[in-house]
Each structure stands twice: as C-alpha cells, then as structure tokens.
Amino acid sequence: MQCSLDLGLFLWDGKPERSQDCNFLQYCKVCEGFKSPRSHHCRKCNRCVMKMDHHCPWINNCCGHRNHSSFTLFLLLAPLGCIHASYIFIMTMYTQLYNRISFGWNSVKIDMSVSRREPAPIVPFGISAFAVTLFALGLALGTTIAVGMLFCIQMKVILRNKTSIEAWIEEKAKDRIQYYQTGEKFLFPYDLGSRWRNFRQVFTWSGSPEGDGIVWSLREGCRPYDLTVEQLKQKADKRVRSVRYRAVENFSGACCPITKGIRTFFTTPCTEEPRMKLKKGELVLATRGLKHWMYGDKIFEGDDFSQDGLRVRGWFPRRCVVKHVSDTGSDQSDDEKKTR
C-alpha cells in the first residue's frame, strides 16, 4: 500500500483484499492499481489522491483526505489576514492625509510633501507611497472577496460530507437517470444526515480527519461501493454517447489559437484542462463540447485510448475535425453500436 500523510494518497498493491470487489472499483492505468472509494487520479500530480477535492495551484498540491481541513483553514485565515491589512492601509492613508490637509476659507489643499505631524514618520509618505498603498488595498479587498467565496463553497460541501468532484458526480447521476428514465434513485452514500457529524469527518481536535481514507462511514441504507458503481455507469454512458471525429486540420495545442478564427480565439474554454495537439488524419473520440471547442480522447491504432499507459485527451477547436464515417457508413462509436 502506498500512502502519503500530507496528501492522503492511496492505491492498492494491484488488487483489493477481496477479488470480487474489483467489479465495483475503477482501475487506474497510470498507477497500475485499483482506486479506493472516493479516490481520483490527478493529472498534475500524476498519482491517485484519496478523497480528492481538487488540485490547487496556490499550494502546488492536491486538496485530499489528509489536508482538506488545513486547506479550508487557509481559505479562512487568508481573508482574515487581508481584512487586517486593509484596516492598516485605510488608517495609514487617513492619518497621513489628515496631517497634510489645510483648510482655507475657499478651498481645501493637500500637501503631500510636508506633514504637520511631529516627529516625522519613519517611512516617508509621498505620492508614490500613497499610490502603492491604494493598490495594495485593492488587492487585499479583492483577495478577501475571492478567497472568502471559495471558503463558503468549501464549507458547503464539507457540511454535506462531499468534495467538489463528488458534488459534480451527483449532478451527473441525476442527469443520467433523467435522460434514460430508469426510475432509479441515487443517494449520496457518505452524507451522514447531520451537519455536525459531517463537519467532524474533516475537522477534529487532533487535526487528523476521521477514518483511514479507505473505509468510510456510510449513510443508512447505502453500500460501500454505491459511488464507485455510479462512476462506472457514467463512464459507460459517456462512451456510448461519444462520437468519433477525424482531424482535417493540424492543431498545435495552443491555449488561444489565432489561426483558427476570431471566435475560436475569444471563446477558449476557461479551464485548467489541457489542449490536445492534432495532426491531420488522426481520430478523436469527442465526449463533450462547446460551440467552437470540443473535448475528447485521441484514438490510436487498434482503438486503444492510451499510449504507453497514458491517455491523451484535451480540448481542440471544432473547426479542426469532422465526423468520422466508418466503413459501415455510421459515425457512432463501437459501444453505441453494441447497444443497438
């Protein structure tokens, strides 16, 4: 078993203890092992992370099982520190400007070069200092608002004992059930029904979260692999509803390609997901898309979606590809043909 205390990484050595559990788990081709429940593979860290919430570029690390509480406290303390800094900036500008204002009968004058206050301040406060302080105040207020909103989002999912990824999986489960009209009902298995109990799963007096990151407390009436089974269903549905495309133009993988049209340039996806290079004639399995962009996996020879164990996927301009018509005259994927 591979485990890291700071990230909360976990991967079985090949297979779980019970071989029958392999039918309910996802297999990671990169790490060459089965993922434990609530684990996901991070493309940035290139490893699987227990109870992964997201990869944070600020800390250059993943927010997972072991450091979820520390990351949330960081989101709380950063705005508090910015509020304290904003107070200092405001009071500094107020006192310095007050000491430089002279009130006349017909006008109010501000002299930034001389202060009536004695003794003189240790740090000279002139025009440049005023501009820098005003700029720093704007940054502090902006950070307070932005990071404060992220803190509220994190607390919302923590009080439901979820992660950002699991909240998205739950939404996709509702869409899948509604699309196929199966009549089934998906219950998130880790919501314990009490906000306090959910809160205690992440925040404890010892600083370490409850559980080992492998076995989780379950909601009454739920089974240990309900979430992983739903993920497998969504992946199967994703393959069925995907469409094959053939590249008709080369694409360099640029984030904002100028040569692919003005609309493509200005509507580039606002996401950290990679852009995928394309060469004319290559096959791509598109799984989702926007008006001018598409996202999918590159198909190699033999219909293998990986090369040296790594999947090649990302965004590419829609104008670079056309629907691929196979020898049978159909543009459906092989999985879709099998379902008919």
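Here the structure is a predicted model, which means the values were calculated and not measured.

> I'd like a rundown of unusual backbone geometry, residues and numbers included.
Its identity as a non-glycine residue notwithstanding, R38 has a phi of 75 degrees, on the positive side. With respect to the helices and strands, R38 occurs in the loop between β4 (33–34) and β5 (40–42). Look at R38 and you get buried, because its relative accessible area is 1%. One non-glycine residue, Q181, adopts positive backbone phi at about 55 degrees. Looking at the element boundaries, Q181 is found in the loop between α3 (164–180) and α4 (195–200).

> Account for the sheet that holds strand β12 (residues 283–289), naming residues and giving values.
In space, the 5 strands of this open sheet follow the order β16-β13-β12-β11-β17, with antiparallel pairing throughout. With partners counted over all chains shown, the strands left at the sheet margins are β16 (313–317) and β17 (321–323), one partner each. Sheet twist, expressed as the average angle between the axes of neighbouring strands with direction ignored, equals 45 degrees. Relative to β16, strand β13 (residues 293–299) runs antiparallel, the two sharing 5 bridges.

> Can you explain the environment of L285? Please cite residues and give values.
Along the chain, L285 falls in strand β12. Through-space distance from the C-alpha of L285 to that of I299 is 6.7 Å; in sequence the pair is 14 residues apart.

> Give me the UniProt feature "transmembrane region" (unreviewed entry) in the protein: which residues, what numbers.
The positions UniProt marks with the feature "transmembrane region" (unreviewed entry) are residues 73–94 and 122–153. This span, residues 73–94, is 100% helix and 0% strand, and a straight line between its end C-alpha atoms measures 32 Å.

> With reference to specific residues and values, describe the nonpolar core.
F251, L278, M294, F316 and V321 are the most contacted members of the largest nonpolar core, which has 14 residues in total. Elements with a minimum of two residues in this core: β11 (243–247), β12, β13 and β16. Residue contributions to this core peak at 3 residues, all from β13. Look past the residues within four positions of V321 in its chain and what remains in contact with it is Y245, R246, A247, V248, L278, M294 and F316. Counting 8 residues, the second-largest nonpolar core is a separate cluster that includes A173, F188, Y190 and W216.

> An account of the packing of aromatic side chains is needed here, citing residue identities and associated values.
Taken as a whole and assessed by the stated rule, the structure comprises 12 aromatic pairs. For the ring pair F24 and Y225, a centre distance of 5.7 Å and an interplane angle of 10 degrees mean the geometry is stacked. Highlighted residues: F24 in the loop between β2 (9–11) and β3 (27–28) and Y225 in the loop between α4 and α5 (226–241), separated in sequence by 201 residues. By relative accessible area, Y225 is classed as buried at 16%. The interplanar angle of 75 degrees and the centroid separation of 6.4 Å between the aromatic rings of W58 and F74 together place this pair among those described as edge-to-face. Residue W58 is found in the loop between β7 (54–56) and β8 (61–63), and its partner F74 is found in helix α1 (residues 68–98); the two are separated by 16 residues along the sequence. Clustering of aromatic rings is evident, with ring pairs tying together W58, F71 and F74.

Conventions and cut-offs
- Residues numbered from 1 in each chain as written.
- Predicted model: local features only at pLDDT ≥ 70, side-chain atom pairs only at ≥ 80, totals over all residues.
- Heavy atoms only, no water.
- Helix = DSSP H or I, 4+ residues; strand = E, 2+ residues; numbered from the N terminus.
- Buried < 20%, exposed > 50% of the residue type's maximum accessible area, 1.4 Å probe, protein only.
- Pairing = 2+ DSSP bridges.
- Axes fitted to C-alpha atoms, helices over the stretch in contact; angles between N-to-C directions.
- UniProt positions renumbered as here; feature names shortened; annotations may be inferred.
- Core = buried A, V, L, I, M, F, W, Y, C linked by side-chain atoms within 4.5 Å.
- Contact = heavy atoms within 4.5 Å.
- Phe/Tyr/Trp six-rings, centres within 6.5 Å; stacked < 30°, edge-to-face > 60°.

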